[in-house]
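# Coordinate inspection notes
Each chain, written out:
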Amino acid sequence: MKFEKPAGINPIDQLKVIGKPTDRIEGPLKTTGTAKYAYEYNDQVVSPAYGYILGSAIAKGTISRIDQSAAKRSAGVLAIVTAENAGPLQPGKFYVSRFLAGPQIDHYHQAVAVVVAETFEQARAAASLLKVDYKKSKGSYDLESARDSAQQPAPAEFGPPPQTLTGDFEGAFKTAQVKLDETYTTPDQAHAMMEPHATIAKWDGDRLTCWCSVQQLNWGVRDLAIILGIPKENIRLIASYIGGGFGGKGTVLADLVAASLAARAAGRPVKLALQRPLMFNNTIHRPKTIQRIRIGADQDGRITAIGHESWSGNLQGGRTEPATASTRILYAGANRLTRLKLAVLDLAEGNAMRAPGEAPGMMALEIAMDEMAEKLGMDPVEFRIKNDTQEDPEKPGRKFSTRKLIECLQTGAEKFGWQNRRAKPGSIKEGQWLIGMGVASAVRGAPVTKSAARVRLNSSGIITVETDMTDLGTGTYTIIAQTAAEMMGVGLDKVMVKLGDSSFPESAGSGGQWGAASSTSGVYAACEKLREAVANVLGFEPTKTQFSDGKVIFGDQSVDLAGAAKSAELVAQDEMTYGGLSKEYAQTTFGAHFVEVAVNAYTFEIRVRRMVAVCHAGRILNPKAARSQVIGAMTMGVGAALMEEMVVDKNIGFFVNHDLAGYEVPVHADIPYQEVILLEDIDPTMSPMKAKGIGELGLCGVASAVANAVYNATGIRVRDYPITLDKLLKNNV
Amino acid sequence: MMENENGSGAITRREMLAGTAIAVTALAMTKVTGLEAVPSAPTVTPVESEGVSFSVNGKAVKLEMDTRTTLLDALREHLHLTGTKKGCDHGQCGACTVLVNGRRINSCLSLALQHQDDSITTIEGIGTPENLHPMQSAFIKHDGFQCGYCTPGQICSAVAVLEEIKAGMPSHVSAELKAPVAFSNAEFRERMSGNICRCGAYSNIAEAAAEVAGVQG
């Protein structure tokens, strides 16, 4: 099915199942420890061997020699894989990382060897007996010092163009009545999902099955085929449950490659999980950015010039952190500039993390807006409202499909009690606590992309959906079940959803906030076909047949849905593809974040006390799951604002705090009750579902709302994340 | 926090420390001297495999395994009770929380052999999909989880926290050390802070626990 014209009324609009705050259908499995993650398929793989990766102890250089003698003699060892015996390996298509070092080493903790043994304990012990002789060479690890060497990158598949120019930015900025020109930095951040990257790999002849933790199984199959140099058709990936990803498990990483090679070398299935302290320097992360923002406005607060430049670094050939994306579309202003620059660094690969570009870009832009409002003597909510735009500021005439940024800001301000904020910092005190309030806009693109599914109807009236879509905690199982139930006119108890198997029809996968809208649209298309098949079997005219309450209704005839599959199971498969509506309309999600913090006047300890988010993100398929996506993102935003930073050792060249004790993420004690308001937004230009994604929108702007609240509390402006108390103490003059 | 007063066969913390010290010394000797035996050095034959008996979810279990096996890996890899999760293997995330003799511990931080005669409860022993514990039902109702990987640990911890509060055990945020403690949002959040949820379901987890505790969150 191709979606080319805005959707009219369709079965989803009945909203009997869609739009309801249904509990997650996999809840009983996840809460009882019954849901199976990659490393846990003990029923499928009996007596596997265990793999353990040894990571490089240097950041850049070469391996001169690996003395394996002690490791080989160690108890239980079955095989040792290094670059010498692994055979040729290519990089995949999405990540530039090489998954096995040797002789060249590209970054710290790059896998140097994989040890396979009978038990985990034996593999770990033997790995520690490998003696690696390294030859170090000089590397580049510091973005600040590499900044001047940064080049304009080539246009990339994802993210904004490296440079955009509209009107005359430099001229307009120069002559603007009120100006801001500030530089902000966001640090290297880790996804730090709870389930480590893990794989069980099993070869049957030349066919490879991997139980793994990968968000995009289609990319995973493609990339593993390229990396190992085997046909795609010979690979099957299974990821029924994924213990969090946030972009950090986009496609193949070292665990999949190492487990596959190890299983081949040992002649046995191998299970392998990245040990937590290896993950931070071995896999990917959100790279550090330096961002310069210039805003010019007239005295009335109308933006006349807006410029956003961002520098980031990566391994040779790696992507740019596209931090300028939001600035292209969020506020009005006739004269505009965005520019990306990329330096070469010898740290682990920088790549997508939840709202790539938009999250760190908004961390800077929305502080800049707060600073500008103060310069203008305007309320920060008013300043944003004044600069709203109802058309694409780079392409006047191109409308947003829907855009209620103003309503997000106003609704949030009212709910939060924004009128109690005092513009003068440090005005509100409660005992030894300084109280501050902050606001930020939220914006995130709403991409939708090709996705397929298969649906079956059996003689018991059970609908089974099969698609290689994944659920990382996003609620995918539930919204897909809701979609199929709505389409086929049955209750959720009649729908079974099977996800995460690359042998199922290819879906959009989970990434880029496209998962929910795309995968449910694929299920919609398949269900349309199944409805047709049902009608045909029953001799009904498909276009005039209704599906409701388990019945198929045509004129005055009503038949049990199960009856259509009485003699044979009915199977239908289709995909949803898209025409040009995303070019015609700017399809975007919007929101607003409001935060109250208390900052200790003596120690500068920062506590987040209240958080309110308002989101405008298409039809909300399941308000309960959508709210959870948003509160989770708000939590991650608090982390970004106040604690998350991978600290670079600029001499040795690695992230120092590479575990969950050193890399701090928010814990229970850090997070108050969070309120989320979901504004109605039925967007017929998106798909027949009229839905958009929300999981990344929830993160964009949160950290700057926290930062602005800290400023409002203390009068100290910190432009380098995370905002830690030492930075407040240092600037408290 | 692990108490062990049931005498025979149980390894006390003191014995465990002493044992570890011997092992460390032996290791250091091997490193220094290599494999050639130095006449004066004490001969220590490493014990590579050892048996242990304990109960898991009310069932007696007897295991013979590598002495280095953690309780977490004994549960997951030997007993195939994979509900208990390995998130960090270093006691930093709480995903491996189980109850030992009614008290919660990080199962990655103790060796299985330390648990002779202990009574261990894992998430599988808290409830099943067909027969959910009230805490599990409350997590589902309040959407106190997303990816589900930290969830078994959160639930084991939450169940134990309510018991700790009932038993009057104070926490960092309790106003008085000796006064009775009542369930509150602050008490719960403080006590649960060893269980990380990167999906960020904290606000919902607190509501789920409040419901089970019988108070308004």
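Just so you know, these numbers come straight off a predicted model, no measurement behind them.

Here is what the cut-offs are and how they apply
Residues numbered from 1 in each chain as written. Chains lettered and ligands numbered in written order. Predicted model: local features only at pLDDT ≥ 70, side-chain atom pairs only at ≥ 80, totals over all residues. Helix = DSSP H or I, 4+ residues; strand = E, 2+ residues; numbered from the N terminus. Rg over C-alpha atoms; globule rule 2.2 N^0.38 Å. Buried ≥ 20, exposed ≤ 12 C-beta atoms within 10 Å, placed from the backbone. Contact = placed C-beta atoms within 7 Å. Pairing = 2+ DSSP bridges. Axes fitted to C-alpha atoms, helices over the stretch in contact; angles between N-to-C directions. Nonpolar A, V, L, I, M, F, W, Y, C, P; charged D, E, K, R; others polar. Core = buried A, V, L, I, M, F, W, Y, C linked by C-beta atoms within 7 Å. Parallel < 35°, antiparallel > 145°, perpendicular 65-115°, else oblique. Left-handed = near helix turned anticlockwise from the far one by under 90°. Expected span 1.5 Å × (residues − 1). pLDDT = per-residue confidence, 0-100.

In terms of helices and strands, chain A carries 17 helices and 30 strands. In summary, chain A has a C-alpha radius of gyration of 27 Å against a globular reference of 27 Å for 733 residues, a match within 12%. Judged by the C-alpha coordinates and their principal axes, chain A covers about 80 × 75 × 50 Å. Residues counted as buried form 62% of the 733 residues belonging to chain A.

Moving on, we come to the overall build of chain B. Within chain B one finds seven helices and five strands. By the burial criterion, 46% of the 217 residues in chain B qualify as buried. For chain B, restricting intrachain contacts to residue pairs at least 6 apart in sequence, the fraction spanning at least 24 positions comes to 57%.

This paragraph deals with the environment of D649 of chain A. Residues and elements named next belong to chain A. Mapping D649 onto the fold places it in strand β28 (residues 648-649). Spatially, the C-alpha atoms of D649 and K138 are 14 Å apart, while their sequence positions differ by 511 residues. Residues contacting D649, with those up to four places away along its chain left out, are F654 and V656.

The next point concerns the sheet that holds strand β4 (residues 103-106) of chain B. Residue and element names in this part refer to chain B. If you walk across this open sheet you meet the five strands as β2-β1-β5-β3-β4, and the pairing is mixed. Both outer strands of the open sheet, β2 (59-66) and β4, are each paired with one neighbouring strand and no more. The mean inter-strand angle of the sheet, taken between neighbouring strand axes irrespective of direction, is 40°. As judged from the two bridges shared by strand β1 (residues 49-56) and strand β5 (residues 119-121), these two strands associate in the parallel manner.

A separate point is the interface of chain A and chain B. Counting residues at the interface gives 49 residues for chain A, matched by 49 residues for chain B. Counting residues per element, the ones that place at least two in the side of chain A that touches chain B are α1 (27-30), α3 (120-127) and α15 (623-642) of chain A. Grouping the amino acids of the side of chain A that touches chain B by side-chain chemistry returns 23 nonpolar, 16 polar and 10 charged.

Ranked by size, the top nonpolar core spans 294 residues in total, and within it V115, V116, A258, A262, A484 and V706 of chain A carry the most contacts. Once residues within four sequence positions are removed from consideration, V706 of chain A is found in contact with G438, V595, V597, V608, G637, V638, A641 and L642 of chain A.

Looking now at unusual backbone geometry. Residue and element names in this part refer to chain A. Note that the residue after G102, namely P103, is joined by a cis bond; omega there is -15°. Within the secondary structure layout, P103 lies in the loop between β4 (77-82) and β5 (104-105). At the junction of Y721 and P722, the peptide bond is cis and its omega measures out at -5° in the coordinates. Looking at where P722 falls in the secondary structure, it is placed in the loop between α16 (702-714) and α17 (725-730). Its identity as a non-glycine residue notwithstanding, H109 has a phi of 65°, on the positive side. Residue position: H109 is located in the loop between β5 and β6 (111-117). Not every positive phi belongs to a glycine, and D549 is a case in point at roughly 50°.

Residues and elements named next belong to chain A. Contact pair helix α12 (residues 476-488) / helix α13 (residues 515-538): the axes reach a minimum separation of 9 Å and the direction vectors enclose 30°. The angle between α12 and α13 places the two elements in the roughly parallel class. In this structure, the crossing between α12 and α13 has a hand that is right-handed. Within the contact between the two elements, α12 uses T476, I479, I480, T483, A484, M487 and M488 and α13 uses G515, A516, S519, T520, V523, Y524, C527, L530 and R531. Within the contact of α12 with α13, the residues separate by chemical class into 10 nonpolar, five polar and one charged.

Attention now goes to the packing of helix α9 (residues 358-376) of chain A against α16 of chain A. For any two helices packed against each other, the geometry comes down to the angle between their axes and how far apart the axes lie. All names here are of chain A. Interhelical geometry of α9 versus α16 gives an angle of 35° and a closest axis separation of 8 Å. α9 and α16 meet at a crossing whose hand is right-handed. Residues M362, M363, E366, I367 and D370 of α9 pack against A703, S704, A707, N708 and Y711 of α16. A breakdown of the residues in the contact of α9 with α16 according to their chemical character gives six nonpolar, two polar and two charged.

The end-to-end C-alpha distance of α13 of chain A, which contains 24 residues, comes to 34 Å, matching closely the 34 Å that a straight helix rising 1.5 Å per residue would cover. Looking at the residues trailing α13 of chain A, positive phi occurs at G539 of chain A, about 75°.

Before going further, it helps to examine the sheet that holds strand β25 (residues 570-578) of chain A. Residue and element names in this part refer to chain A. Pairing in this open sheet of five strands is mixed, and the strands run β1-β25-β19-β20-β21 from one edge to the other. Where the open sheet ends on each side, the last strands, each with one partner, are β1 (2-3) and β21 (495-498). As judged from the two bridges shared by β1 and β25, these two strands associate in the parallel manner. Within β25, the position partnered with K2 by the bridge is T577. Running over the sheet, α13 touches β19 (451-457), β20 (463-466) and β25 and is turned about 140° from β25.

Moving on: the environment of K20 of chain A. All names here are of chain A. Counting through the fold element by element, K20 comes out in the loop between β1 and α1. With 14 C-beta atoms counted inside 10 Å, the residue K20 sits in the partly exposed group. For the pair K20 and L409, spaced 389 residues apart in sequence, the C-alpha separation works out to 25 Å.

Attention now goes to helix α2 (residues 71-78) of chain B. Here α2 of chain B lies mainly inside the structure; seven of its eight residues are buried. Along α2 of chain B, the residues classified as buried are L71, L72, D73, A74, L75, R76 and E77 of chain B. Looking at the buried side of α2 of chain B, the elements it contacts are α3 of chain A together with β2 of chain B. Downstream of α2 of chain B by a residue or two, H80 of chain B has a phi angle that is positive, lying close to 55°.

Another point: the pairing of strand β3 (residues 61-67) of chain A. A regular strand carries its side chains on alternate faces of the sheet. Residue and element names in this part refer to chain A. Across two bridges, β3 lies against β5 in antiparallel orientation. Bridged to T62 within β5 is Q104. Strand direction decides the pairing type here: β3 and strand β7 (residues 131-136), joined by six bridges, are antiparallel. Within β7, the residue paired with D67 across the bridge is K131.

Quick look at the confidence of the model for chain B now. Residue and element names in this part refer to chain B. Model confidence for chain B is summarised by a mean pLDDT of 86, while 77% of its residues fall at 70 or above. The model gives residues 1-38 a pLDDT under 50, and that stretch makes 19 contacts with residues more than four places away or in other chains. With pTM at 0.95, the complex prediction returns an ipTM value of 0.97.

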